[in-house]
Amino acid sequence: MEQLFPYILPQASSFAQSIDSVYWVITGISFAFFLGVAFFLLLFVTRYKQGTKVNRVLPAHEGIALELTWTVIPLVIGLGLFLYSTIVYFQTVRAPRDATEIFVVGKQWMWKIQHPNGRWEMNEIHIPVGKPVKLTMISEDVIHDFGLPAMRLNMDVVPGRYTQMWFNPTRVGRYHLFCAQYCGTNHAIMGGYITVMEPNDFEKWMQTGNVSASLASQGETLFREQGCTGCHGPMANVRAPSLAGIYDKNIAVQIPGAQPWNANIPAQTVKADYRYLHDSIIVPAKEVAAGYKPIMPSYQGRLTEEQVLQLVDYIKTLATSNGASNGAATGYQPYPGQETGGNAVGRSESGDYKTGKEKVGNSTGDMSDNVDREAIYRKPFTLTTRGDPESGILGTGNATGDMSNNVDRENIFRGGGAVSNTATIDRAAGGMSAKNYQGRGGLSVYSTDNYEQSSAKAFTGGIGSAPMKGGRNAGSQYGGKHVSGAGNAGVRGGGDAASLTSGGATAR
Amino acid sequence: MSNIAIEPIERPAAVEHSHAAHGHDAHGGGHHGPAFLHHHFADVAQQRESNQLGMWVFMVTEIMTFGALFFVYTLYRHLYSVQAYENGMLSPYGVGSHLLNNNLGFTNTLVLLTSSLTVAAAVHYAGLKDKKKLLALMGVTWILGFVFLGIKAVEWHADYEEGLVPGLSWNPRTVLAEHGFVLATPTGVQGEAYLPGLNGAPPTAVVTEGNGEAMYNHTLETMKAEAAATGGAEAGHAEEAHHAYRGVVNGNHMQMFYVIYFTMTGLHAIHMIIGLFLLAIYIFHARRGMFTNEANDQPVEIFGLYWHFVDIVWVFLYPLLYLGTVQ
Amino acid sequence: MKLNNPNEQPENATGGSIGPQGPMEHGAGEAQAANGAQVAVATVNRGTAANGASIYNQTQEASDPHNIGVPFESYLNNDFSWKSWIYTLDHKRICMMYLAFISVMFLLGGAAASLIRYNLIEPQGMLGAEAYNRAFSAHGIIMVFFFLVPSIPATLGNFLVPLMIGAKDVAFPKLNMLSFYLYAAGACLALFAMVAGGIDTGWTFYAPLSSTFSNGMVTWVIMGVFLAGFSSILTGLNFIVTIHKMRAPGMTWFRMPLFMWSMYATSLIQVLGTPVVAITLVCIIVEKSLGVGIFDPKLGGDPVLFQHMFWFYSHPAVYIMLIPGMAVISEVIACFSRKPIYGYKFVAFSSLAIAIFGFLVWGHHMFVSSQSPYAGMVFSLISFLVAIPSAVKVFNWTATLYKGSIRLETPMIYALGFLGLFAIGGLTGLHLAALATDVYLHDTYFVIAHFHYVMVGGTLSAYMAGLHFWWPKMTGKMYNETWGKVSALILFIGFNLTFFPQFLLGMWGMHRRYHAYPPEMQFLNIMSSAGATVLALGFLLPAFYLTWSLKYGKQAPANPFGATGLEWQTTSPPPLTNFEVIPIVTTGPYAYDAVESERIFEKTEAITAEVRQRIAAAERERDISITVEREGSGAHEEKTHV
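Just so you know, these numbers come straight off a predicted model, no measurement behind them. (Residues numbered from 1 in each chain as written. Chains lettered and ligands numbered in written order. Predicted model: local features only at pLDDT ≥ 70, side-chain atom pairs only at ≥ 80, totals over all residues. Heavy atoms only, no water.)

Right, let's get into the overall build of chain B. For chain B, the count of helices and strands is nine helices and six strands. By residue count, 51% of the 327 residues in chain B fall in the buried class. Considering only intrachain contacts with a sequence separation of at least 6, the fraction spanning at least 24 residues in chain B is 73%. Summing over all exposed atoms, chain B offers an accessible surface of approximately 14300 Å²; the carbon and sulfur share of this is 63%. (Helix = DSSP H or I, 4+ residues; strand = E, 2+ residues; numbered from the N terminus. Buried < 20%, exposed > 50% of the residue type's maximum accessible area, 1.4 Å probe, protein only. Contact = heavy atoms within 4.5 Å. Areas by Shrake-Rupley, 256 points an atom, 1.4 Å probe, with all protein chains shown as cover.)

The next point concerns the interface of chain A and chain C. Each partner contributes residues to the interface: chain A has 102 residues there, and chain C has 107 residues. Summed over both partners, the interface of chain A with chain C comes to about 9400 Å²; 68% of that surface belongs to carbon and sulfur atoms. Taken together, the links from chain A to chain C amount to three salt bridges. Across the salt bridge formed by Arg161(A) and Asp302(C), the nearest N and O atoms sit 3.1 Å from each other. Taken together, chain A and chain C are joined by 22 residue pairs in polar contact (both at pLDDT 80 or more). (Buried area = accessible area lost by both parts, 1.4 Å probe. Salt bridge = Lys/Arg side-chain N within 4 Å of Asp/Glu carboxyl O. Polar contact = N/O pair within 3.5 Å; in protein donor to acceptor, adjacent residues only side chain to side chain.)

Moving on: the pattern of salt bridges. Residue and element names in this part refer to chain C. A full pass over the atoms with the stated rule returns 17 salt bridges over all chains. With a shortest N-O distance of 3.0 Å, lysine 92 and aspartate 90 are connected by a salt bridge. Here glutamate 596 makes a salt bridge to arginine 599, at a shortest N to O gap of 2.4 Å. You can see glutamate 596 and its partner arginine 599 sitting in helix α19 (residues 594-641), three residues apart, about one turn around the helix. For glutamate 596, a relative accessible area of 12% gives the class buried. Judged by relative accessible area, arginine 599 falls into the partly exposed class, the value being 32%.

Tallied over the full model, the rule gives 88 aromatic pairs over all chains. Above the face of the Tyr193(A) ring, Arg174(A) is positioned so that its terminal group lies 4.0 Å from the ring centre. The ring of Phe254(C) has Lys345(C) sitting right over it, with the charged end atom 4.3 Å from the ring centre. (Phe/Tyr/Trp six-rings, centres within 6.5 Å; stacked < 30°, edge-to-face > 60°. Lys NZ or Arg CZ within 6 Å of the ring centre and 35° of its normal.)

Before going further, it helps to examine the pairing of strand β4 (residues 124-128) of chain A. Residues and elements named next belong to chain A. Among the five residues that make up β4, five are buried, leaving the element largely enclosed by the rest of the structure. Relative to strand β10 (residues 192-197), β4 runs parallel, the two being bridged by five bridges. Looking at the pairing, glutamate 124 lines up with tyrosine 193 of β10. (Pairing = 2+ DSSP bridges.)

Looking now at the sheet that holds strand β2 (residues 110-114) of chain A. All names here are of chain A. Within the open sheet, the five strands sit side by side as β3-β2-β1-β5-β8. Their pairing is mixed. Both edges of this open sheet fall to β3 (120-122) and β8 (163-167), since each of them pairs with a single strand only. Taking each pair of neighbouring strands and ignoring which way they run, the sheet shows an average axis angle of 20°. The pairing of strand β5 (residues 133-139) with β8 spans five bridges and is classified as antiparallel. Bridging from a neighbouring strand, lysine 134 pairs with tryptophan 166 of β8. (Axes fitted to C-alpha atoms, helices over the stretch in contact; angles between N-to-C directions.)

Residue and element names in this part refer to chain A. With mixed pairing, five strands are arranged side by side in an open sheet as β4-β10-β9-β6-β7. Whereas interior strands pair on both sides, the edge strands pair on one side only; in this sheet they are β4 and β7 (153-157). On average, adjacent strands in this sheet sit at an angle of 20° to one another, irrespective of strand direction. Of the strands in this sheet, β4 and β10 are in contact with helix α3 (residues 199-207), which crosses β4 at around 130°.

We now examine the confidence of the model for chain B. Residue and element names in this part refer to chain B. A residue-level look at chain B finds 72% of positions with pLDDT of 70 or above and a mean pLDDT of 79. Per-residue pLDDT stays below 50 along residues 1-30; that stretch engages in 63 contacts with residues further than four places along the chain or on separate chains. Here residues 186-190 scores under 50 on pLDDT; set against residues more than four positions off or in separate chains, the count is 21 contacts. (pLDDT = per-residue confidence, 0-100.)

Attention now moves to helix α17 (residues 481-507) of chain C. Residue and element names in this part refer to chain C. Over its 27 residues, α17 extends 40 Å from the first C-alpha to the last, a length consistent with the 39 Å expected when each residue adds 1.5 Å. Where α17 begins, the capping side chain belongs to asparagine 480, and its oxygen is found 2.9 Å from the backbone nitrogen of threonine 482. Just past α17, the residue glycine 509 takes up positive phi, approximately 95°. (Expected span 1.5 Å × (residues − 1).)

Moving on: the side chain of Ser214(C). Mapped onto the secondary structure, Ser214(C) falls in the loop between α8 (209-213) and α9 (218-245). Polar side-chain contacts of Ser214(C) include one of 2.8 Å to the side chain of Asp200(C).

Before going further, it helps to spend a moment on the side chain of Ser405(C). Among the secondary structure elements, Ser405(C) is positioned in the loop between α13 (373-401) and α14 (410-433). Under the relative-accessibility criterion, Ser405(C) is labelled buried at 0%. Reaching out from Ser405(C), the side chain makes a polar contact with the side chain of Ser597(C) at a distance of 3.4 Å. Engagement of the side chain of Ser405(C) in a polar contact is seen with the side chain of Glu598(C), the distance being 2.8 Å. Sequence-distant contacts of Ser405(C), defined by excluding residues within four places in its chain, comprise Tyr48(A), Gln50(A), Arg56(A), Phe336(C), Ser337(C), Arg338(C), Ala594(C), Ser597(C) and Glu598(C).

Residues and elements named next belong to chain B. As for its position among the elements, leucine 323 is in the segment after α9 (298-322). Taking the C-alpha atoms as reference points, leucine 323 and glycine 96, 227 residues apart in sequence, are found 9.8 Å from one another. In this structure, leucine 323 is in contact with Ser97, Asn102 and Tyr318, ignoring residues within four places of it in sequence.

With that settled, consider the pairing of β5(A). Residue and element names in this part refer to chain A. Most of β5 is tucked away, with seven of its seven residues classed as buried. A two-sided burial pattern is seen for β5, the buried positions comprising Val133, Leu135, Met137 and Ser139 on one face and Lys134, Thr136 and Ile138 on the other. Both strand β1 (residues 100-107) and β5 contribute to a ladder of seven bridges, which runs parallel. Residue pairing for β5: glycine 106 is matched across the bridge by serine 139.

Glancing now at the packing of helix α5 (residues 91-119) of chain C against helix α6 (residues 129-164) of chain C. Residues and elements named next belong to chain C. Between α5 and α6, the shortest axis-to-axis distance is 8 Å and the interhelical angle comes to 155°. As the angle between them shows, α5 and α6 are arranged roughly antiparallel. The interaxial crossing formed by α5 with α6 has left-handed handedness. The residue makeup of the contact of α5 with α6, split by class, is 25 nonpolar, eight polar and one charged. (Parallel < 35°, antiparallel > 145°, perpendicular 65-115°, else oblique. Left-handed = near helix turned anticlockwise from the far one by under 90°. Nonpolar A, V, L, I, M, F, W, Y, C, P; charged D, E, K, R; others polar.)

Dropping the structure here:
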């Protein structure tokens, strides 16, 4: 049976246990009801089958009492279950103050996860055990859903608004991450792993990998580049509030939304948390610091969400202490027209499925933000388009080693092949080694390997079904069938996305 | 095969001789009613009640149909107004309303209300079996309905020309500029704003940023500078134009207003066309005396219900769509 | 049963005490004249309501006009031209056309389902993402919009609503015809689109995936669904007016069979809910074809608004599918346990309660959609409340069996299967109504299993029960009882094999609409696929033997199951105008008596045994003579041959 049921769903978060107990309580009560109904059903059917010699004379009247009994008892039980489950649910709603905030961006069909120190990963999320984590999530295209069965959690990732989930991982291990909301062709393989590590291992892991610069230092650059210093800097001659030490302080603001269309706006106090700072950059007129004029321009559309995050982190460092981010952005609905990153994906001008005509996407090799780089994702990665496992041709990808933000670093995930700037990655930690991702189509794979082994094995293939020598054990997913590059991306890769964009999109 | 004899089972038989709800006792398979009585109805009263109830139920579904659109309208109106206020911009619904031709809308309302009156009178005279007046009133109703659609078509055509039809001719820069609004696009707060061209020139794009106020000021400054550069006479004209400036509006949000506007008025117009089609058939029947020779005036009454319903929908549409204020 | 001529006062009400004079009375009369033994048969026939049915199959043949060569006109044989079918306004013929069309749609939806199960045999998928996504979308769209929603209302409902209340037709026969043709046009349009380009959005059409990102033929499929929705509205409207205004004299609201209450509740949902989804789908079409952003956040729209509007219809739509199933079960259980439904009013009002509460729970599909947790709390509470009327129904059905005289014929086996499967489906709904567990199980196979238990185990079992129950009435032919029982059992077993593993899959985190899945889940998926083959057999068997019965089946008597209800008081199949004389109703719908039924059963058993004995004796004599003859002729043949 171990062979057949190798996978007992572990309880990996602090409230997995309470959710499971809700589950089993409901199951138990349901089972009791079911048994009761089934018992009486079978009893009556056998006892009162036509031809059996039993007393069939009915009592004189139908029992209202009986009807009320079986209406009220389920009602009471139902209300009890409702209360119980709702109480448990509300524990999962509000994150504790000290939760580490991790930023998640979903797009067809991959997850990008960014840690506070600038470490980013794709389709993988590494977290330390025992430390609450808050995920702030947004989608760039359709609705996705960040599904973590081991944590007993799902949360939709919606374009145009932030959603949040939090949990406290309690068990070291490597668990599935799924996209739970149907999001298009490769919905099934838009997933990956969540790896819960010992704090020491996590620290080690954190030091390695795709850290271009810390969020704060990137934010400092931005702060300069975007001209924030012109008003908020120490030498500024424009009257604007100083940002030093502002983070997590209560400040007085004017909130026009509280009393719309009223000129006499009383000052209110808000906490200058992540939510506030974010809004002040994107929608500055919403809550203007008391005593200042609403002259701050909005940076909506000019800064990506990641850049805003970097700025806010920089502002945090200006604060004297308490660097933990504590944004209560629940229900925060920023604005329409939200564009994260430079992906000008208005809508996909997809190829004609019927005739097979292809729209040509980005053929310029342009690495700037104007390129619709996800175009290749809209080409369905069917399992039949596979790379060449025999010759092992790899893409060249971006080998410049440029650490700046202009580099399409995700290129490797699209099968860009060897990327020189990953040379420093600790492969043993399951990180992003170039080798590991050779020929991989950039989509997640399912593997039963645990994370220690994954670097060497799990990722050598992409999505596909061509059998290879390896057999079940050799770094394959999908039960023994080896797979090679998902789509030709693995072979050609790099900025040469043009040949791959059939059915892809151009920005409108 | 069996020689069993079954005794009838005693059962308290609550005998009811006739059904009170129907209030008639003539049943049977025979067709002893008038010619317009359908064979599956027992009598005229049943047929009348059924038709009437059917129409009312149909109107319930129609209310749900339009209700869904009213819901969309309300939701976005609320969202956008709040956002516009926070960004120091103008309400997109208000600007959208402002650009619609209120005169035509008001005329249409009058036309439709009058047609409701005539159709009510038609129902009345159908009951009195006055064929001449019935025909005249139905004819007037038809003409009024047609006039409504004609005015609507004129409006839509003007909207098309002005670039206000989302998806088909969406390019509202000129008309907005003419009315003294600055269009912000595409993401609302930053990006290009469009200035009115001087002396009939096409609008020019000004790259601007900030919230509505900053955008507005920037645009104003740019215009002044432009006017100053081109010379005195035009500068005066430009100065005049500046005074007409009202503010900045979010293009995407205003587009949503027009999507809703065209969906709702389009759906309403489809109902009008169906109504006119039915009415034409009924006029044809009425000429042959179908509603006045026998006591079969009910189709006119049912049609009247439908027409009133379409009318009432417009009574809600008109203020919601046309009478918004820019502030 | 007495002839209830409206001009006469009914003298005594026996048995069903409702119903007109049908041709069968006439036939029975002739039979009386023909044979002394048949006199009693005719009497039995009059004692319809209390009698066991087993003898009817043997005895009523003699009383059936067909068997004695008296032609009688039914809606099926009054005109054989194809035009008479195309232009028919008769609700029974429209029912038959619906039935044929819906069966084809079910077959296609089932074919798509088998593709799904085939694909999931291997963890990496057998078909690939594109084909799989198109398969499950086709399965969902066909099954929901073109099979389940119209299944019971448009077939059984269309046939039975006028019959059960003693009307000649529905209130608006032309609308009824229009409804069918709209449905057919919509189905053809959607099918065409699915064949020509396919659609890969799933049946939920979530924006902005469907409106902006999908590259399938979304617009055409949505147009098809829109037309089917229109058809559904018209059917609902028709039924509401029919039930309000067309009831026969004496048919008060509380004398209506529970089937009618359920159809009324269903019609309410159809009329109130469908327009909303129709306009929502129109919005998707507008957004997709004009490139405007009603639900696209990049253009100022709100994608979650689509979900609200979609589920505002689509959750009540679940009850459009389910309540008619409950309707059938009420009729079948009462008939085969020979007892009036326990707690008639509770069952009747629970249908309405479900219909009304059903409009207030749509948000439980959206617990994780970024709606406010407090909204989720309210929706969760009401979702728990909506479970109560369903539970009340199950308890009442179970109580109906108490002290009944239960006959396990085919419809009853399907109905008992319904009770078990629906109980599981309903109870697992609690997990999904509860916030904490729904956050865990959202969009997993647990959800899939849950609603298949309700929709397939519930509605489809009920549909099969109803189809078998009224098949003799609709077609005038008896199906093979043995095959019926066997396939009911196969269906029950196959269903559980298919869908029970999916509960476990869901708990392990297998999410829906996955063409590929982690290999450790393969075993359960294979189990499910294997069960699906059994399930498919359970559906194919009835298709064969029911079709077979059309040509070769025995002629059905007017009331083969000894049921009450007006529809059984007319011939099988009914005449064009349903009743020769409009019946007058004097009692409630379920005039069954288990004690009486038992008494008759015992007597019949005894008599049958005696008759069998006599026949055996007679046959023995005849056999002897035949054998003698044969021997003689055989000898003669041999001689000539040689």
